[in-house]
Every structure is written in C-alpha cells, then in structure tokens.
Amino acid sequence: MDTQPTSQYLGDGLVMRWSTPADAPNISRCAGRVYNNSNSPTLNEVAMARTARLLRGDSPFMSPNDFAIIIDASQEDQPVVAFAGLWKHTIRYDGIACPVGRLEYVGTLEAYRNHGLSRKLIEFVHAWSAARGDLVQILTGIPWFYRQFGYEYGYDRGDIVSTLINAIPKLKDGDLETCFLREANLADVPTLIDLFNTDRNNSSLWLDMPSGFLEYLIVGHQHSRADLRLDHTHRVYVVMDLPLWRNAEGRIVGFVVASNQRQGGVLEITHVGFSEDLYIPDVIPSLLRAIHAAATSTAVQGNPGLTAIQWIIPASSRFRAALPPSLTVPSTTEHCNHTYFRVPDLVRFLCSVVPALDARLARSRVYKSYTGKLAISFYDRHVPGVFIAVDRGRVVAVEELARGLEGNARFPPLTFLQVLFGRRSVGELKHVFPDIEVASPEVEGLIGELFPSGRSEMATFFT
Ligand SMILES: CC(C)(COP(=O)(O)OP(=O)(O)OC[C@H]1O[C@@H](n2cnc3c(N)ncnc32)[C@H](O)[C@@H]1OP(=O)(O)O)[C@@H](O)C(=O)NCCC(=O)NCCS
C-alpha cells in the first residue's frame with residue numbers, strides 16, 4: 001500500500017481520516033484546547049504554533065498529510081476532536097538503517113475522552129506506518145498508556161543535568177578564550193552533520209538527524225507562514241576554535257543547538273557535536289561563557305536573567321562525560337527520559353539487521369565460531385516466537401518459531417524489546433521478571449553477544 005487509507009466512519013457523526021493542509025487551523029485549535037490546563041478557557045498558544053508549523057509543509061519530520069484526525073461531523077463547525085501525528089525517522093541498529101515511525105502529538109478533547117478515540121487513531125497510525133515500510137515505531141510519552149498498544153521501553157537517555165551560571169568559571173586576567181560561538185548559516189550544515197555523526201559508530205542505537213533538520217532550525221522562521229512570536233524556537237551555533245595568532249581564521253570544532261524560548265531562567269541545549277580530535281575539556285569554560293553571552297544577547301523581553309544551562313542530551317555522550325561534576329547539578333525537566341519501542345513484526349525486523357548480528361558475533365571472543373540455535377518464545381500463544389539459527393558465527397536463518405514450541409529462551413510479552421534494543425541485559429531483567437527463563441548459560445551468553453546492552457546514545461529531535 002503506498003497511499004494513505006481513506007476515511008472511516010466511526011458512528012455518532014465521527015469521521016477518522018488523514019489530514020490535509022486545509023485542516024491546519026482546525027488541528028491547531030484542537031491542540032490548543034487539549035494541551036491547556038483542564039477546564040481553562042484559554043488555549044495553549046505554544047502547542048497551537050507547533051502543530052501549525054508541523055502542518056505548513058516544511059517540517060523535517062512529517063508532511064501536512066501525516067496527522068490522523070477524528071472530526072465530529074455532527075457539529076456545525078466540524079471540529080477536530082482527536083489527533084495523532086506520525087513522524088518519520090531512521091534508526092541505525094549498529095549501523096544498519098531502519099525506517100521508523102514516531103507517534104508524536106496525541107490528544108483527545110476532554111469531552112470526547114474515554115470513548116476509545118485514541119485507540120482508534122493509534123491503530124490507524126500503526127497500520128499506515130507498517131504499510132509505508134516502517135519496521136519499528138518509537139515515541140516518548142505519558143507513562144504506561146502506550147504499553148496498551150505494544151510499546152516497551154528500549155532506551156533511556158539518562159538523567160538531565162544543568163550547569164548553574166554562577167558556577168561557570170570567570171576568565172582569568174591575561175588568559176585567552178579557547179573557543180567562540182557564531183550563528184550557523186546554511187553553508188555550515190554539511191560540516192555540522194559530520195560533527196553530529198562523530199560518535200555514530202560507537203553507539204548500538206542511533207537516531208539519524210532528519211534530513212533538512214538544521215536548515216529548518218536556521219531559516220525556518222523565514223517561512224511565509226511563520227509566527228515570529230513563537231517560531232524560531234531553536235538557534236544553531238557553530239563552535240570555532242581560536243588560534244593563538246588571533247588574525248587567522250578559526251576552525252569549526254563543534255556546534256550547539258540552543259532553545260530560543262527560555263523556561264524561566266533556564267536555557268535548554270538540545271544538541272551538541274564536537275570534532276573527534278578535540279579534547280572537549282579544553283573548550284568547556286569558554287563554551288559556557290559563550291553560551292551565556294549569546295543567550296543574554298538574544299533574551300526575549302520580559303524573560304528573567306539566565307540562571308542555568310540545561311543539557312537535554314544523552315548522559316552517555318562524550319560532552320556529558322567531559323562536563324566536570326563542579327559544573328553539573330541534577331535537573332528536573334518536562335522532557336521524558338525514556339523512549340518506547342514497538343516492533344510489529346519481530347522476524348521481519350531481525351532479518352533486516354542480520355548483518356549487525358553477524359558483526360556482533362564476529363567481535364565476540366567466545367561466540368565468533370559458534371553453531372547453535374536460539375528459540376525465543378513469549379508464553380502467550382497469540383504472540384509468535386522467533387527462531388534464530390547460527391552456523392559458525394553467522395546467522396543463517398531467522399524465522400517464526402512454530403506455534404506451541406517452548407523455545408530455549410522465554411520472555412513475558414514485550415520484555416524482550418528491552419534486550420533487543422540494549423536497554424537491559426537478560427541478567428538484569430531476570431531480577432525484575434523471574435519468569436524470564438533461559439535454558440542454559442550458553443544460550444544466555446549467545447543472547448548477550450547478539451543483543452549487547454548499554455552501548456547506545458540516541459539524540460532526541462523535536463521542534
Ligand atoms: C491520553 C489521551 C490521549 C487518551 O485519549 P482517549 O481518546 O481518551 O483514549 P481512549 O479512550 O482511546 O483510551 C484507550 C485506553 O486507554 C485508557 N486511558 C485513557 N486515558 C488514559 C491515561 N491518561 N493513562 C492511562 N490510560 C488511559 C482508557 O481507559 C482506554 O482503556 P480501555 O480500552 O481498556 O478502556 C487523552 O486523555 C489526552 O488527550 N490527554 C491529554 C494530552 C496527553 O496527555 N496526550 C498524550 C501525550 S504523549
């Protein structure tokens with residue numbers, strides 16, 4: 001199927017269908033009502049601006065046709081009463097590109113809640129996501145709700161930390177700064193993408209930067225339908241080193257994406273990237289002073305002074321490792337640290353990543369010449385298991401496990417996704433789920449080599 005399905009009548013005047021550009025004001029109004037505080041007559045302006053921006057045709061995440069919506073056709077103004085957006089991403093599974101759908105912006109108007117509308121929309125979105133070729137769906141969202149739709153946590157970004165402005169060391173008399181910031185322009189984009197990808201090969205899971213993402217942040221506010229009060233929500237800066245001979249041109253050694261709308265006195269940094277040959281601690285004090293200066297000079301009127309820089313980046317990143325404890329304090333944030341994963345067809349997904357599984361076995365000291373079988377079952381007879389055959393260190397078959405067979409590794413449904421995406425090892429999970437059963441240490445060792453845990457660094461993209 002290469003076109004989105006047509007509309008469905010749900011009864012009671014409700015019609016479910018995919019959006020068109022003409023729906024933008026209607027969806028945006030619905031988002032403004034859904035994301036305001038309960039019963040408040042005011043609309044959430046930021047949510048309205050964001051959804052309008054997603055629908056204006058230049059989003060790196062979705063097209064204007066990628067909101068699934070439900071309309072109440074029995075009302076005169078035919079309002080959108082529920083919506084669910086579908087974004088497009090590519091995940092690298094140890095380097096193998098894998099198309100992914102991301103459920104983002106899910107909501108139902110209060111008066112229509114608990115009538116199964118989100119369930120209908122999510123099933124509608126999943127069906128189209130699978131039909132367009134996505135092998136996985138991901139999302140960050142409210143706790144538990146998405147488990148009902150086959151999601152399980154597969155990746156944790158780790159705790160968010162902040163740097164207090166007061167803790168940033170002052171430049172000592174006679175010392176020179178080691179780097180400075182300038183706003184990025186379109187010509188910088190290829191270099192910045194290379195910098196973003198510096199650590200890609202060290203990470204089991206990696207979320208590619210969506211095509212056009214940096215361009216969108218750099219010039220998106222120039223779009224004819226941009227709302228300049230609320231758009232241009234991020235600024236992209238390049239980090240230049242300062243050669244000792246000051247009249248020579250600096251070199252780009254990194255980049256920083258900073259939010260443009262501060263939450264009180266807190267500035268969010270959502271992405272950083274640095275060249276491989278840079279010893280990051282050398283630039284940290286100068287970088288922090290430069291971020292502070294840039295944020296102060298672009299401060300929106302009425303905003304309080306900057307008190308902290310909040311790092312919305314993976315805790316396992318090189319930059320986070322380089323930030324000294326004296327420059328970090330734990331931070332509370334509305335951003336969700338955990339990413340949900342859904343794999344509708346496990347066999348299909350595993351077949352697509354066989355080269356990654358082979359490479360993992362080839363790196364293993366014990367299993368590089370292994371011959372044997374892994375048969376994973378999920379207790380529930382409605383959930384098909386998976387059979388993997390390994391011959392002299394290579395995966396030679398991935399198939400559905402014949403129904404009724406027990407397998408040599410048994411997992412309660414969905415828990416295996418934590419192992420598949422490396423969030424937890426089997427050993428760690430067994431403490432929480434005693435009903436995970438593995439036939440022998442040999443099989444558990446094989447699972448550990450095929451699906452190593454704790455090696456991932458996945459960025460979060462949002463607008
Ligand atoms: C969460 C929300 C989208 C649910 O929409 P809805 O149309 O009422 O959901 P449904 O009626 O389809 O509910 C599906 C199931 O989830 C349950 N459910 C509903 N809201 C829930 C919630 N907040 N948490 C957990 N479960 C919930 C329902 O009971 C139902 O279960 P059932 O089929 O066993 O009865 C809606 O409450 C909402 O818009 N909330 C505010 C915005 C928000 O939080 N969005 C999610 C952002 S990630």
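Model, not experiment: these values are computed from the prediction.

Concerning the domain arrangement of the protein chain
Often, the extent of an interface is quoted as the loss of accessible area on bringing the components together.
Argument step 1. Considered domain by domain, the protein chain is made up of domain 1 (8-139), domain 2 (161-336) and domain 3 (345-450).
Argument step 2. Summarising the inter-unit geometry, the C-alpha centres of domain 1 and domain 3 are found 35 Å apart.
Argument step 3. Taken together, the contact pairs seven residues of domain 1 with eleven residues of domain 3.
Argument step 4. Carbon and sulfur atoms make up 66% of the area that domain 1 and domain 3 hide from each other, which totals about 890 Å².
Argument step 5. The tally of links from domain 1 across to domain 3 stands at two salt bridges.
Argument step 6. Of the charged contacts in the structure, one is a salt bridge between R363 and D94, with a shortest N-O distance of 3.4 Å.
Argument step 7. Viewed at the interface, domain 3 and domain 1 are joined by four residue pairs in polar contact (both at pLDDT 80 or more).
Argument step 8. Tallied by class, the residues present in the side of domain 1 that touches domain 3 amount to five nonpolar, one polar and one charged.

Observations concerning unusual backbone geometry
Argument step 1. The backbone phi angle of D12 is positive, close to 55°, even though this residue is not glycine.
Argument step 2. Following the sequence through the fold, D12 ends up in the loop between β1 (8-11) and β2 (14-18).

Here's the deal with the sheet that holds strand β18 (residues 385-391)
Argument step 1. Taken in spatial order, the five strands make up an open sheet running β19-β18-β17-β20-β21, and their pairing is mixed. The sheet terminates laterally at β19 (394-401) and β21 (437-438), the two strands that pair on one side only.
Argument step 2. Examined bridge by bridge, β18 and β19 share seven bridges and lie antiparallel to one another. Looking at β19, one finds that D391 is bridged to R394.
Argument step 3. In the packing of helix α12 (residues 441-450) onto the sheet, contacts are made with β17 (372-377), β19, β20 (409-410) and β21, and the angle to β17 comes to roughly 85°.

Some details on the site of the ligand
Argument step 1. The full set close to the ligand counts 18 residues, and T108, N114, G116, S118 and R119 are the nearest of them.
Argument step 2. Between an oxygen atom of the ligand and a side-chain N or O atom of T108, the distance comes to 2.8 Å.
Argument step 3. Protein chains shield 67% of the accessible area of the ligand, which is 880 Å² for the free molecule.
Argument step 4. When grouped by side-chain class, the residues that make up the shell around the ligand number eight nonpolar, eight polar and two charged.

As for the pattern of salt bridges
Argument step 1. A complete count under the given rule lists 25 salt bridges for this structure.
Argument step 2. Among the salt bridges present, the one from D134 reaches K88, with a minimum N-O distance of 2.8 Å. Here K88 lies in strand β4 (residues 80-93) and D134 lies in the loop between α3 (117-131) and β6 (136-139), a separation of 46 residues in the sequence.
Argument step 3. For K88, a relative accessible area of 37% gives the class partly exposed.
Argument step 4. Salt-bridge contacts for R318 lead to D199; the nearest nitrogen and oxygen are separated by 3.4 Å. Remark: D199 occurs in the loop between α4 (189-196) and β10 (205-207) and R318 occurs in helix α7 (residues 318-322); sequence separation between them is 119 residues.

Thoughts on helix α9 (residues 354-363)
Argument step 1. Taken together, the buried positions of α9 are V354, A356, L357, D358, R360 and L361.
Argument step 2. Elements that come into contact with the buried residues of α9 comprise β4, β5 (96-108), α8 (346-352), β18, β19 and α12.

Considering the nonpolar core
Generally speaking, a soluble globular protein has its nonpolar side chains buried in company with each other.
Argument step 1. If you look at the biggest cluster of nonpolar residues, it comprises 109 residues, and the most contacted ones within it are L420 and F451.
Argument step 2. Of the residues forming this core, the biggest block, nine residues, is contributed by β4.
Argument step 3. Setting aside residues no more than four positions away along its own chain, F451 makes contact with Y93, L350, L357, R360, L374, I388, F416, V419 and L420.

Some words on the packing of aromatic side chains
Argument step 1. Scanning the entire structure with this criterion turns up 26 aromatic pairs.
Argument step 2. Measuring from ring centre to ring centre gives 6.1 Å for Y151 and Y340, while their planes differ by 65°; the resulting arrangement is edge-to-face. Of this pair, Y151 sits in the loop between β6 and β7 (152-156) while Y340 sits in strand β16 (residues 338-342), and the two are 189 residues apart along the sequence.
Argument step 3. Overall, the relative accessible area of 0% leaves Y151 in the buried class.
Argument step 4. For Y340, a relative accessible area of 0% gives the class buried.

Section: the packing of helix α1 (residues 24-34) against helix α2 (residues 45-54)
Argument step 1. Where α1 contacts α2, the axes come no closer than 8 Å and their chain directions differ by 150°. Our classification of the angle between α1 and α2 gives roughly antiparallel. For the crossing formed where α1 meets α2, the hand is right-handed. Facing S28, R29, A31 and G32 of α1, the residues of α2 in contact are A47, M48, T51 and A52.
Argument step 2. Taken together, the residues of the contact of α1 with α2 break down into four nonpolar, three polar and one charged.

Cut-offs applied
Residues numbered from 1 in each chain as written. Predicted model: local features only at pLDDT ≥ 70, side-chain atom pairs only at ≥ 80, totals over all residues. Heavy atoms only, no water. Domains from an automatic or database assignment. Contact = heavy atoms within 4.5 Å. Buried area = accessible area lost by both parts, 1.4 Å probe. Salt bridge = Lys/Arg side-chain N within 4 Å of Asp/Glu carboxyl O. Polar contact = N/O pair within 3.5 Å; in protein donor to acceptor, adjacent residues only side chain to side chain. Nonpolar A, V, L, I, M, F, W, Y, C, P; charged D, E, K, R; others polar. Helix = DSSP H or I, 4+ residues; strand = E, 2+ residues; numbered from the N terminus. Pairing = 2+ DSSP bridges. Axes fitted to C-alpha atoms, helices over the stretch in contact; angles between N-to-C directions. Near = heavy atom within 4 Å. Areas by Shrake-Rupley, 256 points an atom, 1.4 Å probe, with all protein chains shown as cover. Buried < 20%, exposed > 50% of the residue type's maximum accessible area, 1.4 Å probe, protein only. Core = buried A, V, L, I, M, F, W, Y, C linked by side-chain atoms within 4.5 Å. Phe/Tyr/Trp six-rings, centres within 6.5 Å; stacked < 30°, edge-to-face > 60°. Parallel < 35°, antiparallel > 145°, perpendicular 65-115°, else oblique. Left-handed = near helix turned anticlockwise from the far one by under 90°.

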